[in-house]
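A closer look at the structure
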Amino acid sequence: MARQRAPYRLTDVANVPVMCALQPYAWLLWTSGLVLLILIWTLYAVTLKSALRNWRESRTNVVTVLSVYPLVATASYVAIVVPRATVVAEAVAQEVVMVAMYQFYCLIIAECGGVSQFIRRAGDSRLETRVMPCCCWPCCFIPRPQINKRCMSCLRILVLQIPIVQAVLYVLILVLWAEDMMLYRRCLVYIQCFVAVSILSGIWGVVMCVRAAESMGNVFRPRYFALQLVLIIVKLQYSLAKLLSDSVTLPCITSLHPTVLVNVTQNTVTIFEMLLLSIWAWRLYGVAHGKGVNNIQKIGVTALEEGNAALDVKPTIDGVDNKSFNVIRCHDKQ
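A quick note: this is a predicted structure, and the numbers were derived from the prediction, not measured.

1. With respect to the overall build of the protein
Each helix and strand in the protein was counted, giving twelve helices and two strands. Reading the helices (α) and strands (β) of the protein from amino to carboxyl end gives α-α-α-α-α-α-α-α-α-α-α-β-β-α. The buried share of the protein, reckoned over its 334 residues, is 41%. Of the contacts made within the protein by residues no fewer than 6 positions apart, 78% connect residues no fewer than 24 positions apart. Total accessible area on the protein stands at roughly 19,200 Å², and carbon and sulfur atoms take up 66% of it.

2. Thoughts on the nonpolar core
Across soluble globular proteins, nonpolar side chains have a tendency to be buried as a group. Grouped together as the largest cluster of nonpolar side chains are 87 residues, with contacts concentrated most on Val 68, Phe 104, Tyr 105, Phe 118, Val 230, Met 274 and Tyr 285. Broken down by element, this core gets its largest block of residues, 16 residues, from helix H5 (residues 86-111). If we skip the residues at most four places from it in the chain, Val 68 touches Val 96, Val 97, Ala 100, Leu 227 and Val 230.

3. What to know about the pattern of salt bridges
For the structure shown, the criterion picks out two salt bridges. Here Arg 223 ties to Glu 111 by a salt bridge, and the two come within 2.6 Å at their closest N and O atoms. Placement of Arg 223 in helix H9 (residues 221-247) and of Glu 111 in helix H5 is noted, with a sequence separation of 112 residues between them. Across the pair Arg 221 and Glu 214 runs a salt bridge whose closest N-O atoms are separated by 2.8 Å. For Arg 221, a relative accessible area of 46% translates into the label partly exposed.

4. A few points about the UniProt feature "transmembrane region" (unreviewed entry) in the protein
Here the UniProt-annotated "transmembrane region" (unreviewed entry) positions come out as residues 27-48, 60-80, 100-119, 154-177 and 189-210. From the first C-alpha to the last, residues 100-119 spans 24 Å; its make-up is 85% helix and 0% strand. Between the C-alpha atoms that bound residues 189-210 the distance is 31 Å, and the span itself is 100% helix and 0% strand.

Here is what the cut-offs are and how they apply
- Residues numbered from 1 in each chain as written.
- Predicted model: local features only at pLDDT ≥ 70, side-chain atom pairs only at ≥ 80, totals over all residues.
- Heavy atoms only, no water.
- Helix = DSSP H or I, 4+ residues; strand = E, 2+ residues; numbered from the N terminus.
- Buried < 20%, exposed > 50% of the residue type's maximum accessible area, 1.4 Å probe, protein only.
- Contact = heavy atoms within 4.5 Å.
- Areas by Shrake-Rupley, 256 points an atom, 1.4 Å probe, with all protein chains shown as cover.
- Core = buried A, V, L, I, M, F, W, Y, C linked by side-chain atoms within 4.5 Å.
- Salt bridge = Lys/Arg side-chain N within 4 Å of Asp/Glu carboxyl O.
- UniProt positions renumbered as here; feature names shortened; annotations may be inferred.

Okay, here's the thing in structure tokens:
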């Protein structure tokens, strides 16, 4: 009787430990990754110190949003040192991004003065629903509701479902991965459909909120783009790495299996990307929010005051103001 083959596992693709397989580059890789990780956490502390002075009312939201960069970098470093924890590290990194996305939505509402002030400033305007990702559907007709409490409640639920639904799906993925690798691979395609629907609907809600807030004079797009890049990295880049290792036959350059080698390379690139995004976040959150808008408003008020002062000036002729001079001239003509 033929011996049944054991299920395929990422933990069994290489019998040689990573440290031995990457010699003499293992210590160099780990040391350089640790240096970058310390630098990212240092940038986080510096950025947080500046941001808490400008966002006192919403410090919890700012702390959570800014922590996404060092936490994702830490998860990638753990996956480099311990390749068997790759799936767990990916799940942690993706859930961190989902929580930060909801906290960014709360930050938008807080900067606009709360839900009541948001609705009051919106007035009779309607919520723009033809935004990413729904703007890519030419035959899609989505009504534009008026911004009120019911609309804001639906928008909040749409964004809040991201961390909740993703957490449930990731727990299911981890259970399948730990139980049976073949079952995990068969079910992963169907689970990813629910993951994509949840993420796209949540992004749709955040983009609608950003568009409505920017119509009131606030600027959120650079900060949202910096956070959205992390989402693209932990979802699209991770998925492309899995697709590359599964569909392309790669040579065994070292004693490591090609799948493990792709994961190590992908996580190393992620750490560099988190460093660049941390520098960008330091530039974005290091200044007071709405500073540019306030400067424009101050310039406009100053110009208006100067214009009114110029209009109030009455030219005089020999001590007689312009109005009196005109009256005298009219009497002379009569």
